[in-house]
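Working through the structure, step by step
Okay, here's what each chain looks like letter by letter:
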Amino acid sequence: MSKIIIANWKMKLSVKESLSLTERLSLGLNTKNQVIICPDFISLSLIAFLKTKKTFFLGAQDSATLAKHSLTGEVSAFNLKELGVSYVILGHSERRLYQKEDDKMINEKIKVALEAGLKVVLCLGDNKQEYQAKKTKAVIKSQLSNALKGLKLKKDSEIIIAYEPVWAIGSGMAMGAEEANEIAEFIKTSAKKFIKKPLKVLYGGSVDKNNAQLFLKQKNLQGLLVGGASLKAEEFLSICNN
Ligand code: PGA
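Quick look at the structure, then. Quantities reported herein were computed from a predicted structural model and do not represent experimental measurements.

1. Things to note about the nonpolar core
- Membership of the largest hydrophobic core comes to 65 residues, with the highest contact counts inside it found for Ile 110, Val 120, Leu 122, Ile 159, Ile 161, Ile 187 and Tyr 203.
- The element best represented in this core is helix H8 (residues 177-191), accounting for seven residues.
- Residues Cys 38, Tyr 87, Val 121 and Ile 160 belong to the second largest nonpolar core, which totals twelve residues.

2. Side note on helix H7 (residues 136-148)
- The terminal C-alpha atoms of H7, which comprises 13 residues, lie 18 Å apart, in line with the 18 Å expected from a rise of 1.5 Å per residue.
- Against helix H4 (93-98), helix H5 (103-116), strand S5 (119-124), helix H6 (128-132), strand S6 (159-163) and H8 lie the buried residues of H7.
- Backbone geometry just downstream of H7 places Gly 150 in the positive-phi region, at approximately 70°.

3. Examining the sheet that holds S6
- The strand order around the closed barrel formed by eight strands is S1-S2-S3-S4-S5-S6-S7-S8, and the pairing between neighbours is parallel. Adjacent strand axes in the sheet meet at a mean angle of 25°, parallel and antiparallel pairs treated alike.
- Judged from the four bridges that link them, S6 and strand S7 (residues 200-204) form a sheet pairing that is parallel. By the bridge assignment, Ala 162 is partnered in S7 with Leu 202.
- Across the sheet, H7 lies against S5 and S6, angled at about 150° from S5, the strand it touches most.
- Of the strands in this sheet, S5, S6 and S7 touch H8, which is tilted by about 145° from S7.

4. Points about the pattern of salt bridges
- Evaluated as defined, the whole model comprises ten salt bridges.
- Between Asp 62 and Lys 109 there is a salt bridge whose closest N-O contact spans 2.9 Å. In this pair, Asp 62 sits in the loop between strand S3 (57-60) and helix H3 (77-83) while Lys 109 sits in helix H5, placing the two residues 47 residues apart along the sequence. Of the two residues examined, Asp 62 and Lys 109, each falls in the buried class.

5. Thoughts on unusual backbone geometry
- In this model, Lys 10 sits at a positive phi of 50°, which is unusual for a non-glycine residue.
- Within the secondary structure, Lys 10 sits in the loop between strand S1 (4-8) and helix H1 (15-28).
- The class for Lys 10 is buried, based on a relative accessible area of 19%.
- Positive phi outside glycine occurs at Lys 134, with the angle close to 60°.
- Note that Lys 134 resides in the loop between H6 and H7.

The rules behind the values
Each chain carries its own residue numbering, running from 1 in the written order of its sequence. pLDDT decides what is reported in this predicted model: residues at 70 or higher carry local features, side-chain atom pairs at 80 or more are listed and counted, and totals for whole chains, interfaces and linings draw on all residues regardless. Side-chain descriptors were evaluated using all non-hydrogen atoms of the structure, hydrogens and water having been removed beforehand. Side-chain atoms within 4.5 Å link the members of a nonpolar core, which is a set of buried Ala, Val, Leu, Ile, Met, Phe, Trp, Tyr and Cys residues. For the exposure calls, accessible area comes from a 1.4 Å probe over protein chains only, and a residue counts as buried if that area is under 20% of its type's maximum, exposed if over 50%, partly exposed in between. Strands here are runs of E lasting at least two residues and helices are runs of H or I lasting at least four, both read from the DSSP assignment and numbered beginning at the N terminus. A helix is expected to reach a length of 1.5 Å times the quantity of its residues less one. When checking whether two residues touch, look at their non-hydrogen atoms; a contact exists if any pair is within 4.5 Å. Pairing between strands is defined by DSSP: at least two bridges between the two strands are required. Here an angle of 0 to 180 degrees is reported between the N-to-C directions of two axes, which are lines fitted to C-alpha atoms, with helices fitted over the stretch in contact. In the sections that follow, a salt bridge refers to a side-chain nitrogen of Lys or Arg positioned within 4 Å of a carboxyl oxygen of Asp or Glu.

Structural data, given as structure tokens:
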């Protein structure tokens, strides 16, 4: 079955590097999997206008809490939609940590993004202390219910969950695939109250070309959110094209 594979380039590439990686991916992708690339905002708007064949969908790494407002420096979900962007990552742990985003803000962002017609990739994850104290499920349940509170989902609204243990992000120490599968099952059960249709859950955190297939084989995982390993064309292509 086809999987969803998301490249999160964060703020790691120059504009030139983003454009050249995009060209290489558009030529090299040859897969039934649905590939979504999420460059920084400046590169994203340039890539949206590239004439190259788009063998992938475009995603943004964030969007604003309001549709249109005096919000200096923010980017509206509606403008992303106008540009041809299909997905937006919301609630990434780096934004929770460094930009001090809380569940309430994430909830507001989700509402606006869905209203704009974007598909939302909601990131959830426990940190190392929470994981070691076996609080993973409690943390996820609380992040999930706070983020999805009061949402009125339309028939065509789509929310995908990316489970990313914070300690696994960028550390080179991915979670075991079977454990991720078990948590994905828990997420699906917990989300039933809020989302009636079948939910897709992705795993993220130090995915690379050696472990990607182990995750993709798991019954409860419908794809991957890839950071570091999505920055090199060959490695990312080998994850996607397999
Ligand atoms: P990583 O990042 O693959 O480099 O661990 C994943 C993410 O932050 O989404």
